[in-house]
Amino acid sequence: MSDTPEQRKHPRYEVTAYVDSSGSEVYLHHRLLNLSLGGLSFQCEAPEPVGTEVELLIHFPEIGASLPLRGQVVWANRSHPSDMGLRFIALDDKKQEALKQYLNKVHQHQASDSRPAV
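Residues numbered from 1 in each chain as written. Predicted model: local features only at pLDDT ≥ 70, side-chain atom pairs only at ≥ 80, totals over all residues. Heavy atoms only, no water.

1. So, the nonpolar core
Val 15, Leu 32, Leu 35, Leu 40, Phe 42 and Ile 58 are the most contacted members of the largest nonpolar core, which has 25 residues in total. Counting residues per element, the ones that place at least two in this core are strand E2 (26-35), strand E3 (39-43), strand E4 (53-60), strand E5 (65-77), strand E6 (83-89) and helix H1 (93-113). If we ignore the near neighbours within four places in the chain, the residues touching Ile 58 are Ala 17, Tyr 18, Val 19, Leu 32, Leu 35, Leu 40, Ala 65, Ser 66, Leu 67, Leu 69 and Phe 88. (Core = buried A, V, L, I, M, F, W, Y, C linked by side-chain atoms within 4.5 Å. Buried < 20%, exposed > 50% of the residue type's maximum accessible area, 1.4 Å probe, protein only. Helix = DSSP H or I, 4+ residues; strand = E, 2+ residues; numbered from the N terminus. Contact = heavy atoms within 4.5 Å.)

2. Some details on the side chain of Ser 21
Looking at the secondary structure, you find Ser 21 in strand E1 (residues 18-22). If we skip the residues at most four places from it in the chain, Ser 21 touches Val 26, Tyr 27, Phe 42, Val 54, Glu 55 and Leu 56.

3. As for the sheet that holds E1
Around the barrel, which closes on itself, the six strands sit in the order E1-E2-E3-E6-E5-E4 with antiparallel pairing between neighbours. Each strand of the sheet is rotated relative to its neighbour by a mean of 45°, with strand direction disregarded. Examined bridge by bridge, E4 and E5 share eight bridges and lie antiparallel to one another. Considered in E5, the bridge of Leu 56 is made with Leu 69. (Pairing = 2+ DSSP bridges. Axes fitted to C-alpha atoms, helices over the stretch in contact; angles between N-to-C directions.)

4. Focus: unusual backbone geometry
Cis geometry is adopted by the peptide bond preceding Pro 81, which originates at His 80 and carries an omega value of -5°. Looking at the secondary structure, you find Pro 81 in the loop between E5 and E6. Positive phi is not limited to glycine here, since His 29 has a value of about 55°. Along the chain, the position of His 29 falls in strand E2. The phi dihedral of Ala 90 falls on the positive side, at around 55°, and the residue is not glycine. Relative to the assigned elements, Ala 90 resides in the loop between E6 and H1.

Below is the structure:
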């Protein structure tokens, strides 16, 4: 096992967004635990098996927009509280740019919240 910390391709952000997911289970309006340009995670009652492809609809209430995507389950935690992580697949340039713009806004907002008061 390596002593170096795990390297991620994309930073993860805690966001105020929700996802609808349909695979063998249907989940409606589940709050995201985190989101990145590469994928997302959310709590759910019965995670899909690793490798399952699902349809996603991410809702961004802060900007009044939704983004339809496809994902593949890359990990699933069946212990309470159960959750799963998905990697985005077939992410076209338009959807990637929309996601990037939203995450830039989140990052700027979080950076301004962490600045000390003057």
